[in-house]
Amino acid sequence: MIDYTAAVLVIIYFILMVGIGVWASKKISSMSDYVVAGRSLNFWVFTMLMIGSVCSGMSLLGVSGLGYKFAWPTIWEQLAVPLSIAFCIIFFGVKMHAVAKKSGYLTVQDYLAYRFESQTSLRSLSAISGIVVSMIYLAGQYTAISIVLMWLFGLPHWMALLIGAAIVTIYTVIGGLYAVAWTTLVQGLLLIIGVLVMAPIVIMAAGGFTHINEVMAAVNPTNVDPWVTGAGAVFTPPYIVSFVLLLTIGLACAPHVINNIMCVKDANYFKWAPLVAFGIYAVVMFLLKFAGFAGIVLVNEGIVQLPKVPNASDFIFVYGIQAAMPSMFLWGIFAVIVLAAVMSTTDRLMLTIGTYFSWDIYKKILKPDAPDKQVLLVSQISVFVAAAVTLLLALKPPDMLVWLIWAGIGIMYATFAVPLLAGLYWRRATREGALASMSLGLIASLVFGGISYFKLAKLPMHFSFYACVISVVVMILVSLMTRPTSEKVLDDTMTGWFISK
């Protein structure tokens, strides 16, 4: 039954987000304003945008759900995900921001097209790849929004999806990155404060750390071993290595994350933003994982009974809150916090999809003479279409939300990591090498991902690792066999074995 106090809190939150979108819309007069907020973001807005772009439904629901299902062997995730923000800012951001600001680039595709001297082929391939993987990732975010609204209001899955998608779409369409950045600042603060307060309450409701570890060990001794080996183990040492690479580099080169570095007002922010973002997000991630551990106790002692749905583990944090704080008012506050975390990534993904289609495909390839207003309209329409298509993908979620999220990250990793790193740091990387690397990385990730998802064969490492190895080998071999990139382009794009000069 719907509690009206909780409903009012969620509605107020939704109205606030739309209100920020309306305010932000008044600041937009060009595509630069819409896509990169006029390169005007200050330190804290940028830092929270980076955290919010990485912090998603996986963080509040997927991380705790994974902790509930596999316990301590998944703890490495807590370092890798926050590290991805630092990796993105340091290894991608410093160089790319300088090049983008000097050349007026709005997207990563602008950089790739010039660096690899391929204004059509590579731009098209990378933009389409970015749209596809962003939509897969976006489906996971919609699923997370649905979980919260289903739990709080008893709504059917389809209705919860529709409501959540409608709100995010409205403020993203009308406010662009200004809206996304400022809503993320609000959402990020809600997330941090909420987790700092509520995760310890769930942990204490389960009896504290000592009792939690004792119960986990009694259920299964491997639950308390962060480095598991042996038959039947999922998070084995080889898998963990591939897992850390996936999350650290894969998230760092994700289209909706890496594009943020072009929006910064002052490059000096890159000195402290990596450390600040890592520290804040690491604390949040560890608390959420421990709350998942607490869920093992709460379920085994009969305090919590999870719903009978395929992705039941993703509900552990919300049901843990329900057991630890039997107040619908507090549940409403918690629902707002979860929605804030999920929507902070969802809106960025939607804007990325709209930008890639309107700017990189429509403006740069299909209609180069299109005025800004027309391109802006195409971007807004693209966001609506992306929201509709992704809703269909999210109607039947997998058993665990985190698997869907990892699939999206894995495809991003295999597709973008090698061309980006090679483009920035290896002067011998060529157009043909980048095209072959990106194409085969994308195809290989889909093939190995299918093998893993449908259990056609047991892969000892995450599927993205094999695809990335193929991408690396292809990049090196094809680049060495083809004509080098011009020295002028290499100098203009600051290509070389250095981060900054």
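Residues numbered from 1 in each chain as written. Predicted model: local features only at pLDDT ≥ 70, side-chain atom pairs only at ≥ 80, totals over all residues. Heavy atoms only, no water.

Draft legend 1. A look at the packing of aromatic side chains. All chains considered together, the criterion is met by 13 aromatic pairs. Ring centres of Phe-286 and Phe-290 lie 6.1 Å apart, and the angle between their planes is 45°; this geometry places the pair in the tilted category. One end of the pair is Phe-286 and the other is Phe-290, both in helix 12 (residues 273-300) and four residues apart, which spans about a single turn. Ring geometry for Phe-448 versus Tyr-466: centroids 5.4 Å apart, planes at 25°, classification stacked. Separated by 18 residues along the polypeptide, Phe-448 in helix 17 (residues 431-453) and Tyr-466 in helix 18 (residues 463-481) bring together distant segments of the chain. Exposure remark for Phe-448: the relative accessible area of 21% places this residue in the partly exposed category. Here the aromatic residues Trp-72, Phe-209, Phe-286, Phe-290 and Phe-293 are joined through ring pairs into a cluster of three or more. Directly above the ring of Phe-498 sits Lys-95, whose terminal nitrogen or CZ lies 4.2 Å from the centroid. (Phe/Tyr/Trp six-rings, centres within 6.5 Å; stacked < 30°, edge-to-face > 60°. Helix = DSSP H or I, 4+ residues; strand = E, 2+ residues; numbered from the N terminus. Buried < 20%, exposed > 50% of the residue type's maximum accessible area, 1.4 Å probe, protein only. Lys NZ or Arg CZ within 6 Å of the ring centre and 35° of its normal.)

Draft legend 2. Geometry of the state of the cysteines. Enumeration over the complete set of coordinates arrives at zero disulfides. Cys-88 takes part in no disulfide bond, and the closest cysteine sulfur to it belongs to Cys-253, at a distance of 8.5 Å. Note on Cys-468: no disulfide assigned, nearest cysteine sulfur contributed by Cys-253 at a separation of 8.3 Å. When its relative accessible area of 8% is taken as the criterion, Cys-468 is described as buried. (Disulfide = S-S within 2.5 Å.)

Draft legend 3. Spatial organisation of the packing of helix 9 (residues 208-219) against helix 12. Two numbers describe how helix 9 lies on helix 12: the axes approach to 9 Å, and their chain directions differ by 65°. Our pair here, helix 9 against helix 12, has a crossing hand that is left-handed. Touching Phe-209, His-211, Ile-212, Val-215, Met-216 and Val-219 of helix 9 are Phe-290, Phe-293, Ala-294, Ile-296, Val-297 and Asn-300, all from helix 12. Taken together, the residues of the contact of helix 9 with helix 12 sort by class into 10 nonpolar, two polar and no charged. (Axes fitted to C-alpha atoms, helices over the stretch in contact; angles between N-to-C directions. Left-handed = near helix turned anticlockwise from the far one by under 90°. Contact = heavy atoms within 4.5 Å. Nonpolar A, V, L, I, M, F, W, Y, C, P; charged D, E, K, R; others polar.)

Draft legend 4. Inspection of the side chain of Asp-110 at higher detail. Within the element layout of this structure, Asp-110 appears in helix 6 (residues 108-115). In this structure the side chain of Asp-110 is engaged in a polar contact, spanning 2.7 Å, whose partner is the side chain of Arg-123. Not counting chain neighbours up to four residues away, the residues in contact with Asp-110 comprise Tyr-105, Arg-123, Trp-359, Asp-360 and Lys-364. (Polar contact = N/O pair within 3.5 Å; in protein donor to acceptor, adjacent residues only side chain to side chain.)

Draft legend 5. Summary view of the pattern of salt bridges. Tallying each qualifying case throughout the model produces seven salt bridges. Across the salt bridge formed by Lys-289 and Glu-77, the nearest N and O atoms sit 2.7 Å from each other. Remark: Glu-77 occurs in helix 5 (residues 77-103) and Lys-289 occurs in helix 12; sequence separation between them is 212 residues. Taking relative accessible area as the criterion, Lys-289 reaches 0% and is therefore assigned buried. (Salt bridge = Lys/Arg side-chain N within 4 Å of Asp/Glu carboxyl O.)

Draft legend 6. Up close: helix 3 (residues 43-54). With 12 residues, helix 3 extends 17 Å from end C-alpha to end C-alpha; this agrees with the ideal 16 Å at 1.5 Å per step. By the criterion of burial, helix 3 is predominantly enclosed, with 11 of the 12 residues buried. Among the residues of helix 3, those classed as buried are Phe-43, Val-45, Phe-46, Thr-47, Met-48, Leu-49, Met-50, Ile-51, Gly-52, Ser-53 and Val-54. The N-capping residue of helix 3, defined by a side-chain oxygen 3.3 Å from the backbone nitrogen of Trp-44, is Asn-42. (Expected span 1.5 Å × (residues − 1).)

Draft legend 7. Seen up close, the confidence of the model for the chain. In the predicted model, the chain carries a mean pLDDT of 83, and 89% of its residues have values of at least 70. Mean pLDDT across the elements of the chain bottoms out in helix 2 (residues 31-36) (74) and peaks in helix 18 (96). (pLDDT = per-residue confidence, 0-100.)

Draft legend 8. Expanded view of helix 6. When you tally the buried positions in helix 6, you get seven out of eight residues, the bulk of the element. When we look at burial in helix 6, the residues that qualify are Val-108, Gln-109, Asp-110, Tyr-111, Leu-112, Ala-113 and Arg-115. Positive phi appears at Glu-117, one or two residues downstream of helix 6, with a value of about 50°.

Draft legend 9. Representation of unusual backbone geometry in the model. Within the chain, Ala-71 stands out as a residue other than glycine whose phi angle is a positive 60°. Residue placement: Ala-71 occurs in the loop between helix 4 (57-70) and helix 5. Unusually for a residue other than glycine, Glu-117 sits at a positive phi of about 50°. If you trace the backbone, Glu-117 turns up in the loop between helix 6 and helix 7 (121-153). Judged by its relative accessible area of 29%, Glu-117 is partly exposed.

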